[in-house]
Amino acid sequence: SSSSSHSRGGSGGQWDFVDVRDRQWRNTATELAPVESKSLRTVEFVVYEFGNLLVDLLHKSCGTARVRVLIAEDLPDCGYERNTYKHSYIHDLASGHLVVRRARLESVGEFSLVLAHALAHIKVGNMNDDHQPEFLVTFYHTLRALCQQLFAAQAGAAGVEGDCLQHISATLEQSEPAARGDVLGRLWDVNAAAGSDAGRHQELLASGKLREYLAELDQDIAAASAAAAGGSSPQKRKAKQKEQASTDPQTLLLLSDMLLKQLARLAKDEASLRSLLPHCSDKEKKQQLQAKLDHVVQAREAISQRLSQINP
């Protein structure tokens, strides 16, 4: 079924894009009440961390704000009348944080699109009107950057390094014109690369095994918590998790790899912030640095917790 529709509204009889899921929700919260990232289900946590990567990517490629993204079960009324995602996020002007409805974590595609939409609005300083020309230019710029990143990621998965477009073009120029389609097809077919980690990762993502494993992991953690409350031995939980890992080692490898990369990035950020703090004499800037450091430490601890749950 379609996730969007159109309605006529606004000035000049313009057609407004309407997101069906967003229209089903209402902003009923009296205040912003973000949830802690460590309280997210594992599937949600992976999508959330991917969103943080996306914020960094768009900051570097499009100059959008590197905002802190928070998650909330519900949102207060924001007054974004002509914003198709007015029930999906709110930009808190007091803190500068972007708060997104938790239900958006159900789909990495939806979450990515909502973030790109919000970041474009924040950059132009107008959260209310999807028809504003400056917003449209910026929003399509973010989508273009995401498509370029998808191309680069696919080429990288196929073993292409450096300027991937130039490398691929050079490879095709050495081929007969009639055979170029086959050559390019083999280049994209990363699953055919024997023993390739990228090929295994693609296969896992395509088969949905990763999502199934993450769901099972959440159920196991919940069951373990219930058992602990009842006084059961924790050794049973560890045995079950080890059994899960041994039956699906590729899924475990992929998930661990994703989280370890995030952990390395956060550790680098933490070291940088800690080195800057002692040399900052401006009180306001120092408070901002400290707030960023606290956020990075919290995220690092959350990822470390996830890794300990996967590898008991």
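Residues numbered from 1 in each chain as written. Predicted model: local features only at pLDDT ≥ 70, side-chain atom pairs only at ≥ 80, totals over all residues. Heavy atoms only, no water.

For any two helices packed against each other, one specifies the inter-axial angle together with the distance between the axes. Close contact between helix α2 (residues 42–62) and helix α3 (residues 108–124) brings their axes to 10 Å; oriented N to C, the two are set at 40°. The two elements α2 and α3 cross, and the hand of that crossing is right-handed. Residues V47, Y48, F50, G51, L54, V55, L58 and C62 of α2 form the contact with α3, whose participating residues are V108, F111, S112, L115, A116, L119 and K123. Residue composition of the contact of α2 with α3, grouped by class: 12 nonpolar, 2 polar and 1 charged. (Axes fitted to C-alpha atoms, helices over the stretch in contact; angles between N-to-C directions. Helix = DSSP H or I, 4+ residues; strand = E, 2+ residues; numbered from the N terminus. Left-handed = near helix turned anticlockwise from the far one by under 90°. Contact = heavy atoms within 4.5 Å. Nonpolar A, V, L, I, M, F, W, Y, C, P; charged D, E, K, R; others polar.)

Tallying each qualifying case throughout the model produces 3 aromatic pairs. Geometrically, the ring pair formed by Y80 and Y89 is tilted, given 6.4 Å between the ring centres and 50° between the ring planes. In terms of burial, Y80 and Y89 fall into one category: buried. The interplanar angle of 40° and the centroid separation of 5.9 Å between the aromatic rings of F139 and Y140 together place this pair among those described as tilted. On the accessibility criterion, F139 (11% relative accessible area) is buried. Every member of this aromatic cluster is reached through a ring pair, and the members are F135, F139 and Y140. (Phe/Tyr/Trp six-rings, centres within 6.5 Å; stacked < 30°, edge-to-face > 60°. Buried < 20%, exposed > 50% of the residue type's maximum accessible area, 1.4 Å probe, protein only.)

The values reported here are purely geometric and, on their own, carry no functional implication.
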